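Reading the structure
In case you want the letters, here they are:
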Amino acid sequence: MVEVKKIDSANSVISGTIENETLENKKEKIAKNIAKKAKIQGFRPGKVPVKVVKKMYANDIEQEAISEAVKELLDEGVKLLEIAEMIAEPEVSKFDKKDEKIEVEIKVYTKPEVIIEGYKECVPEVEDIEVSEDEINEELENIAKSMSETKVSQKETLENGDIAIIDFTGYVDGEKMENGSATEYPLEIGSNSFIPGFEEQLIGMKVGETKRIKVKFPENYGSKELAGKEAEFDITLHEIQEKVPAEINDDLAKKYLNDENADLEKLKEYVKESIINRKKAEIYKPKKEEIVECLVKKFEIDLPEVIVEKEVEVMINNEASKMSPAEIKELQENPEKIKELREKLLPEAKDRVKLTFIIDAIAKAENVDVSDEELSQILYYEALMQGQNPQDVIKYYQENNLLPVLKMNLVEEKLLNKLLDDKRGA
């Protein structure tokens, strides 16, 4: 006899009994199957008596019979509940073995019913994003500077922003520094690539001039032998070079966009779009937080207990990662503290799980999704940024079951952008 109870749209309980007679019949069938294949000394293959098999494999046979009976009970309950798909493994919440039967209860979890009517009320007003000609021109000038060419300067004296071609030799305590000299070294004045005070003292030097400067290595300098020490450098300036910004024309567009068919107008459109995206990211960030907060408050949905519990566990682990070994030990040895932490994190865990289901439902309504190809591209880009092998990064995400989480985060980002774009009529 199987009974089902639907607690809510996300949680149900299947209960029933497994009679001893049913169990014995299953054990007999399992034992016979084993007897056909078992190789036991003293018996020919396929001729092992069932009673011998029952005695030798008693525990294994009983466990298999119970597992089979529980699965049948679960399958029948799922059918009665008309569940198409479970979102987590079922949990046996009761297994009471009596003389004549076993009483079983199984908790099952499904995706909750989510009614999202009125979700657009959570999208705040978005101001128009405007880009002026001055902003475009300023960005074009920055691009021109970034693609500037270095040429020998006709200047007589070195200025900030110039590139000085120098020889230098360093001394500490009157002794020549190890690895403290170079010839014809190109140093951009104002780049702060040398120790503090070095570049500033070169300003005003003339080509061919040699001078000695005094500096002090920072206290936190990488080399302990030099940290905090005073030093002197002999400097000879051989040549002054200066960066000449590229001309803002069609050729710049072709080079910057890496497109032979590009022209200045196309570059201006690209720059305008880049500025809009930058402004949009800045404007949208707080508005996305508004939407999320509103959605969580606006909708009440049933939450699968097991998913909430898993989220609490994730949050506890995150908290533990910030703790010292002593704090972790104290937490582990004090069940009350773990209980307090669990209760403290539970409301946020529920909100997170709730938001996941709400976003999923709205994304479907808005036809927003992230393809496997998009996921791969993002992971590939992330790998390049970190100097890692893309295949290793993808493998790590797969092995740690992080792809679904990443996909959900990307869907949320894409959806919120779309809702805000639609609001401002983009």
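From a predicted model like this one, the values you see are computed outputs, not experimental measurements. (Residues numbered from 1 in each chain as written. Predicted model: local features only at pLDDT ≥ 70, side-chain atom pairs only at ≥ 80, totals over all residues. Heavy atoms only, no water.)

**Quick look at the packing of helix α5 (residues 250-257) against helix α6 (residues 264-298)**
Two elements in contact, α5 and α6, have axes separated by 7 Å at closest approach and are oriented at 55°. As judged from the angle between their axes, α5 and α6 are oblique. Relative to α6, the crossing made by α5 is left-handed. Taking contact as the criterion, the partners of Asp250, Leu252, Ala253, Tyr256 and Leu257 in α5 are, on α6, Leu264, Lys266, Leu267 and Tyr270. For the contact of α5 with α6, the per-class residue count stands at seven nonpolar, no polar and two charged. (Axes fitted to C-alpha atoms, helices over the stretch in contact; angles between N-to-C directions. Helix = DSSP H or I, 4+ residues; strand = E, 2+ residues; numbered from the N terminus. Parallel < 35°, antiparallel > 145°, perpendicular 65-115°, else oblique. Left-handed = near helix turned anticlockwise from the far one by under 90°. Contact = heavy atoms within 4.5 Å. Nonpolar A, V, L, I, M, F, W, Y, C, P; charged D, E, K, R; others polar.)

**Focus: the sheet that holds strand β4 (residues 101-109)**
Reading across the sheet, the four strands line up as β1-β2-β4-β3 and stay open at both edges, with antiparallel pairing between neighbours. Both outer strands of the open sheet, β1 (2-6) and β3 (91-97), are each paired with one neighbouring strand and no more. Within this sheet the neighbouring strands show an average axis-to-axis angle of 15°, counted without direction. Bridge count for β1 against strand β2 (residues 11-19) is five bridges, and the pairing is antiparallel. Bridge pairing in β2 places Lys5 opposite Val13. (Pairing = 2+ DSSP bridges.)

**Concerning the state of the cysteines**
Scanning all chains against the criterion turns up one disulfide. The disulfide that involves Cys122 links it to Cys294, with 2.1 Å between the sulfurs. In this structure, the disulfide formed by Cys122 and Cys294 twists by about -65° around the S-S bond and is classed as left-handed. Here the residue Cys122 occupies a position in the loop between β4 and α4 (133-146), and Cys294 occupies one in helix α6, the gap between them amounting to 172 residues. Using a relative accessible area of 5% as the deciding quantity, one classes Cys122 as buried. Accessibility expressed as a relative area gives 26% for Cys294, which makes it partly exposed. (Disulfide = S-S within 2.5 Å. Buried < 20%, exposed > 50% of the residue type's maximum accessible area, 1.4 Å probe, protein only.)

**Some points on the pattern of salt bridges**
For side chains bearing opposite charge, pairing can occur when the charged atoms are close. Inspection of the entire model under this criterion finds 41 salt bridges. Between Glu121 and Lys298 there is a salt bridge, and its shortest N-O distance comes to 2.7 Å. In this pair, Glu121 sits in the loop between β4 and α4 while Lys298 sits in helix α6, placing the two residues 177 residues apart along the sequence. Notably, a salt bridge pairs Asp369 with Lys407, separated by 3.9 Å at the nearest N-O pair. Residue Asp369 is found in the loop between α9 (335-365) and α10 (372-386), and its partner Lys407 is found in helix α12 (residues 403-423); the two are separated by 38 residues along the sequence. (Salt bridge = Lys/Arg side-chain N within 4 Å of Asp/Glu carboxyl O.)

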